[in-house]
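# Structural features, examined
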Amino acid sequence: VSVSLNAGGRNQTASLLYGWMHEDISHSGDGGIYGEALVNRAFQGSGATIGSVPGVPGSSVVSSENPILPWGPVITGWQGIGDVDLSLTLLHPLSDALRVALQVDIPFNATGEVGILNEGWWGIDVRPGTYNASFYILSDKPRNNGTLSHIDLSLRSNLTSDVWATTSILFSNGTNISSFEWTQYEAQLDNTVKAPNSNNTFAITFDASEVAGNTYYFDLVSLFPETFKDRPNGIRRDLGQAIVDLGTKVLRFPGGNNIEGYSIEQRWKWNETIGPLRYRRGRVGDWGYTNTNGLGLMEYLQFCEDGGIEPVLAVYAGYSLDVWGQDGVSFPEDRMGDVLQDILNELEFVTGDISTPYGALRASYGHPEPFSLNFVEIGNEDWFSSTYPYRFPILYNGIKQAYPNITLISTAYNENANYNISIPAGGMWDTHHYEEPTFFLESFDYWDNWQEATNNTGVTIFVGEYSVFQVDTPDGVVNYSMPLGEHIFFPTLMAAIGEGVYLLGAERNPNVVKMSSYAPSLVNLNWQNWTPDLVAFTADYDQTTLSASYYMEQLFASHRGAETLPVTTIQGTFDPLWWVATAEQGDGVVYFKVINSGNSSVPLTVDFDRTFTAVNGTILTHPDLGAFNYLDNQTAVSPAPIMNLPAIAAGQTAFNWAVPPWSINVLEFQMG
Ligand code: AHR
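Report follows, based on the coordinates.

Conventions we followed
Residues numbered from 1 in each chain as written. Predicted model: local features only at pLDDT ≥ 70, side-chain atom pairs only at ≥ 80, totals over all residues. Heavy atoms only, no water. Buried < 20%, exposed > 50% of the residue type's maximum accessible area, 1.4 Å probe, protein only. Helix = DSSP H or I, 4+ residues; strand = E, 2+ residues; numbered from the N terminus. Contact = heavy atoms within 4.5 Å. 1 Å grid on protein atoms, 1.4 Å probe; cavity = no way out; pocket = protein on both sides within 12 Å on 5 of 7 lines; lining within 4 Å. Points joined across faces, edges and corners; volume = space filled by probe spheres on them. Nonpolar A, V, L, I, M, F, W, Y, C, P; charged D, E, K, R; others polar. Domains from an automatic or database assignment. Pairing = 2+ DSSP bridges. Polar contact = N/O pair within 3.5 Å; in protein donor to acceptor, adjacent residues only side chain to side chain.

Note that an α-helix has 3.6 residues per turn; residues three or four places apart therefore point the same way. With 10 of its 11 residues buried, helix 4 (residues 297-307) lies for the most part within the structure. Looking at the packing, one finds that the buried side of helix 4 touches helix 3 (237-245), strand 14 (250-253), strand 17 (310-315), helix 5 (336-351) and helix 6 (357-364). Looking one or two residues beyond helix 4, the residue adopting positive phi is glycine 308, at roughly 65°.

Shown next, in the form of structure tokens:
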């Protein structure tokens, strides 16, 4: 091929192309990126029952709780220590939002250590660092009213008698007895050891000699390890870092299906995800478990700010799914004004200055500066819904009128949609592709003539969800029941190659495809709603596993270039080699991304119309096309420097190399 830096025909690359999609699915939020280490901290129900076996590729998780309606107070995740009796009560609600409390009855004849422990989200990672603990407690008519008792907080092994860290606080029995008021206690555990595994618990204990005969109530018991950028109520540090390290430029949140709710009432209500945790009720998420809403609108936006990421805020668009397999339920047209007003309130909360009511509310929660917000997505996958044609224009026009500078994204573009809606120039379509490898290879040119084919509407593309979902099958139809032998449970090298070719096609069309995000992004291996996912994790940070698809994206995202370069084919054609060339500002560096989707090496010659002085490269490959990263081999498919690149002579303009079979490569030329 011939790469020209001297000729015209360049395009600016799409600076936001590599993004991340987050919704709470597969416990990727609660029990995932949300830094809270304790399960069921406020007895809202967790859905997190014992059941799954991490370590079995292909196993999907079955919960013993009703997967549709897990709501309801449960003691899941809690155990008594010593001679105590645990129950749940509505007698002393912590707030209207958190109405259930844990009642701990300590018999008169109790001796020794008594208390409660929390098992964490299938364990607790214990490593050196500070753990911030807090809890609300109320003592109801204690035997020793007015006296001080010790409460010990500790991180412990669940397998041995090891106690990793402990701290003690003094608490006053019954001070608030007259008003039945709760008291919040906060404490830090400074831990210096690394536990050998994550089978650990968090314990709150008393000495029975001080408290026998008493009844205590607990609620909102919380434990945060150090978070991403040390934010209170923040993001789990390693997972936040993984998102940033991919090179993520945009974050689409909070859904996905999870914004829609399985009923209108259970939709993601932005205003129930803000403010003190004590007043966040939580909801039944769309993926069969409770969302505490501790990870709320401000936490997402703060993470974007900390990570240098553009938020793409998805707003509820008046449509909720129906998990019973019937049509979803929509707001009627004459009630869409309510939906619009709720969105406008949300946008004021995000972007309004402190002179506005919602901007002032945001300021009162600790963020006086408005958040930056340039993209709003209206709904999710609305090609499923026949009501989008009336819902979308009402919301589009209403938002545009108030926020003319925000780019609005429609979710209704789909090849299979049974209707068309149009959106004005400057808008975007969110398209989704869960397909087989061949679809992705054949989609290298998917966007090549898309503008022309869609009448040059000036609307661009956000590929908001994509992944190779299964191997090639005779009918080419995706089977969502994920049959063994067909489904891809963890992104394989083959998947990364297919998706990589598809992304090269996007890179070649920066005027069409502006943003993309793989989905779903994160899976807790103890609760897999959906596979494959970009990153797998457990409670144990050392088990966080980046997939072949993640590494492919990271490789591409870290070698962007400012402009695409025209590449002319002198001999041969695409398939099995696929490529794109870009140059950094000033043309000092040229990136040549090349994928070989075939099973033998293929000679490549790149002719430049300038000299280059050096080349180095990175390769992602494996002898087995089906190889994937997993707990037992986290880096099976991971990037490595290319070792066999030819030496470069002075004045050289042509580069020759044989591209290894089944490989994803980035060559970096220093131009001279
Ligand atoms: O990514 C999983 C689901 O796939 C999303 O929630 C939904 O938008 C799509 O159908």
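A separate point is empty space enclosed by the protein. All chains considered together, the criterion is met by 10 cavities of 30 Å³ or more. Reported here for the largest cavity is a volume of approximately 160 Å³. Glu36, Ala37, Arg236, Ala539 and Tyr541 are the residues nearest the centre of the largest cavity, which is lined by 17 residues in total. A per-class count over the lining of the largest cavity returns eight nonpolar, six polar and three charged. The residue makeup of the lining of the largest cavity includes at least three contributed by each of domain 1 (1-13 + 428-503 + 523-672) and domain 2 (78-224). For the second largest cavity, the full set of lining residues is Glu23, Asp24, Asp30, Pro254, Asn258, Trp268, Asn291, Asn293, Leu295 and Tyr300. Tallied by class, the residues present in the lining of the second largest cavity amount to four nonpolar, three polar and three charged.

Pairing is antiparallel across the open sheet formed by seven strands, whose spatial order is 2-28-30-31-36-33-34. Sheet topology places strand 2 (11-12) and strand 34 (640-641) at the edges, where each strand pairs with a single neighbour. Taken together, the seven bridges between strand 30 (residues 577-583) and strand 31 (residues 589-596) define a ladder with antiparallel strand orientation. Residue pairing for strand 31: alanine 581 is matched across the bridge by phenylalanine 592.

Turning next to the sheet that holds strand 35 (residues 654-659). With mixed pairing, four strands are arranged side by side in an open sheet as 29-1-32-35. The two strands at the open ends of the sheet, each matched to only one other strand, are strand 29 (567-568) and strand 35. In this structure, strand 1 (residues 2-3) lies alongside strand 29, joined through two bridges in antiparallel fashion. By the bridge assignment for strand 29, serine 2 is matched with threonine 568.

What follows covers the side chain of serine 547. Relative to the helices and strands, serine 547 is located in the loop between strand 27 (545-546) and helix 11 (548-557). Of note is the side chain of serine 547, whose polar atom sits 3.0 Å from the backbone nitrogen of tyrosine 550. Not counting residues up to four positions away in its chain, the partners in contact with serine 547 are Pro491, Asp533, Leu534 and Asn629.

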